[in-house]
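Summary of structural features
Below are the chains, spelled out letter by letter.
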Amino acid sequence: MTLRVEQAAVDRDESRELLLQLAALEPNDPRRLQTRNRLATLHLPLAEHLARRFAGRGEPYEDLVQVATIGLIKSLDRYDPHRGVEFSTYATPTILGEIKRWFRDKGWAVRVPRRLQELRLSISSATTDLTHQLGRSPTVSELATTLRVTEDAVLEALESASAYSAVSLDYPEPGAEEGAAPLESIGHEDEALEGVENREAIGRILATLPDRERRIVVLRFFRGMTQSQIADEVGISQMHVSRLLSRTLAHLRTALTSETGSPLT
């Protein structure tokens, strides 16, 4: 215990001396980086302590320490030892701000507007206070009144909470039979998808037909008209319509087979 107290005193003395040196060095002085690195090592326990406050919120502790260390370095660059404020007192708000900003900007699986992120935090705090006051969970209306926002805004912020973390579609749902994953229940096979290539090819081939033959095909297969109706529409006999359809369909089958390698069915 005595050794630990003595070591802490030595570290404080060294820190105070290095902080004075850092403040006196010019920005381009090569000694500045070495001095700052030593100070960052001395005060790393402060960054780790503050990062530990945010542990258990879905982010790895090691990542939180890295973010806190960035805040520590920013504090070292801005600290003025001549103002009489302890470095730890000065650095704590900066480090906490860096961690909170990281949660706000980087910790979300899906980026949501900052106003919703901030409102969500306010809702969390207001929920705790109202629960103690009311002895039950507050309603959306009560939260909206307390925060002076609309109920729609509260609902929107609560819904945005689901965007913080994401789960793989391949990850089995809790309680699902035989470990079924969400991906297996989303969407379905589109039977018409196989015909896309044929339909595109038919469109190109139809464009090469004479106007009358193309019109007859459209009336028969796209408008569902009978051969008698087509004959009246075009002004030819039903027998002539039948011959033109047979000849045109044969041409379409041949052209489609040569273009796609599969016959028209």
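Per an unreviewed UniProt entry, the protein carries the name RNA polymerase sigma factor SigF and comes from Phytoactinopolyspora alkaliphila.

Of the regular secondary structure elements, the protein holds 13 helices and zero strands. Considering only intrachain contacts with a sequence separation of at least 6, the fraction spanning at least 24 residues in the protein is 52%. Carbon and sulfur atoms make up 52% of the accessible area of the protein, which amounts to about 18,000 Å² in all.

To continue, consider the side chain of aspartate 29. Structurally, aspartate 29 is set in the loop between α1 (2-24) and α2 (30-42). Polar contacts involving the side chain of aspartate 29 include one to the main-chain amide nitrogen of arginine 31, which spans 2.9 Å.

Looking at the largest pocket, its volume works out to about 450 Å³. As for the largest pocket, its lining consists of 18 residues, and the residues nearest its centre are Arg12, Ser15, His43, Glu86 and Phe87. Elements with a minimum of two residues in the lining of the largest pocket: α1, α3 (44-52) and α5 (87-105). Counting residues per element, the lining of the largest pocket draws most heavily on α1, which supplies seven residues. Looking at the lining of the largest pocket residue by residue, the classes come out as 10 nonpolar, four polar and four charged.

Relative to the assigned elements, histidine 43 resides in the loop between α2 and α3. Residue classification places histidine 43 among the buried residues on the basis of a relative accessible area of 15%. Once you skip the residues sitting within four places of it in the chain, histidine 43 turns out to touch Ser15, Leu72 and Phe87.

Turning next to the packing of aromatic side chains. If you walk through the whole model with that rule in mind, you get two aromatic pairs. Centroid distance tyrosine 79 to phenylalanine 87: 5.2 Å. Interplanar angle 85°. Geometry classified as edge-to-face. Comparing tyrosine 79 with phenylalanine 87, the two get one shared label, buried. Ring geometry for tyrosine 79 versus tyrosine 90: centroids 5.6 Å apart, planes at 55°, classification tilted. Here tyrosine 79 is found in the loop between α4 (61-78) and α5, whereas its partner tyrosine 90 is found in helix α5, with 11 residues between them in sequence.

With that out of the way, let us pick up the pattern of salt bridges. In the structure shown here, the tally under the stated rule is 13 salt bridges. Put simply, glutamate 213 and arginine 247 hold a salt bridge, and the shortest N to O gap is 3.2 Å. On the criterion of sequence distance, the pair formed by glutamate 213 in helix α11 (residues 211-222) and arginine 247 in helix α13 (residues 238-260) is long-range, its members being 34 residues apart. Under the relative-accessibility criterion, arginine 247 is labelled exposed at 52%. In the salt-bridge network here, residues are joined through shared partners; they are Arg32, Arg36 and Asp77.

Moving on, we get to the nonpolar core. Counting 25 residues, the largest nonpolar core has Leu64, Leu76, Phe87, Ile95 and Ile99 as the members making the most contacts within it. Those elements that place two or more of their residues in this core are α1, α2, α3, α4 and α5. Among the nonpolar cores identified, the runner-up in size contains 10 residues, and Leu116, Ala144, Ala153 and Ala157 belong to it.

Thresholds applied
- The residue count restarts for each chain, going from 1 along the sequence in the order it is written.
- Given that this is a predicted model, residues contribute local features only at a pLDDT of at least 70 and side-chain atom pairs are listed and counted only at 80 or more, while totals for whole chains, interfaces and linings are drawn from all residues.
- Values reported for side chains reflect all heavy atoms of the structure, with hydrogen atoms and water molecules removed beforehand.
- Elements are defined by DSSP. Helices are runs of H or I of four residues or more, strands are runs of E of two residues or more, and each kind is numbered from the N terminus.
- When checking whether two residues touch, look at their non-hydrogen atoms; a contact exists if any pair is within 4.5 Å.
- Note on areas: Shrake-Rupley, 1.4 Å probe, and residue coverage restricted to the protein chains presented here.
- Here a polar contact means two N or O atoms within 3.5 Å. Within protein one must be a hydrogen donor candidate and the other an acceptor candidate, and residues neighboring in sequence count only if both atoms are side-chain atoms.
- In this analysis the probe radius is 1.4 Å and the grid spacing 1 Å, with only protein atoms considered; a cavity is a set of points the probe fits into but cannot get out of, a pocket is an open set with protein on both sides within 12 Å along at least five of seven lines, and lining residues have an atom within 4 Å of a point.
- Grid points are joined across faces, edges and corners, and a volume is the space filled by probe spheres set on the points.
- For this classification, the nonpolar set comprises Ala, Val, Leu, Ile, Met, Phe, Trp, Tyr, Cys and Pro, the charged set comprises Asp, Glu, Lys and Arg, and every other residue, Gly included, is treated as polar.
- A 1.4 Å probe rolled over the protein chains alone gives each residue an accessible area, and that area as a share of the maximum for its type sets the label: buried under 20%, exposed over 50%, partly exposed in between.
- Note on aromatic contacts: the rings of Phe and Tyr and the six-membered ring of Trp form a pair at centre separations within 6.5 Å, being stacked when their planes are under 30 degrees apart, edge-to-face when over 60 apart, and tilted otherwise.
- In the sections that follow, a salt bridge refers to a side-chain nitrogen of Lys or Arg positioned within 4 Å of a carboxyl oxygen of Asp or Glu.
- What makes a nonpolar core is a set of buried Ala, Val, Leu, Ile, Met, Phe, Trp, Tyr and Cys residues whose side-chain atoms join them at distances within 4.5 Å.

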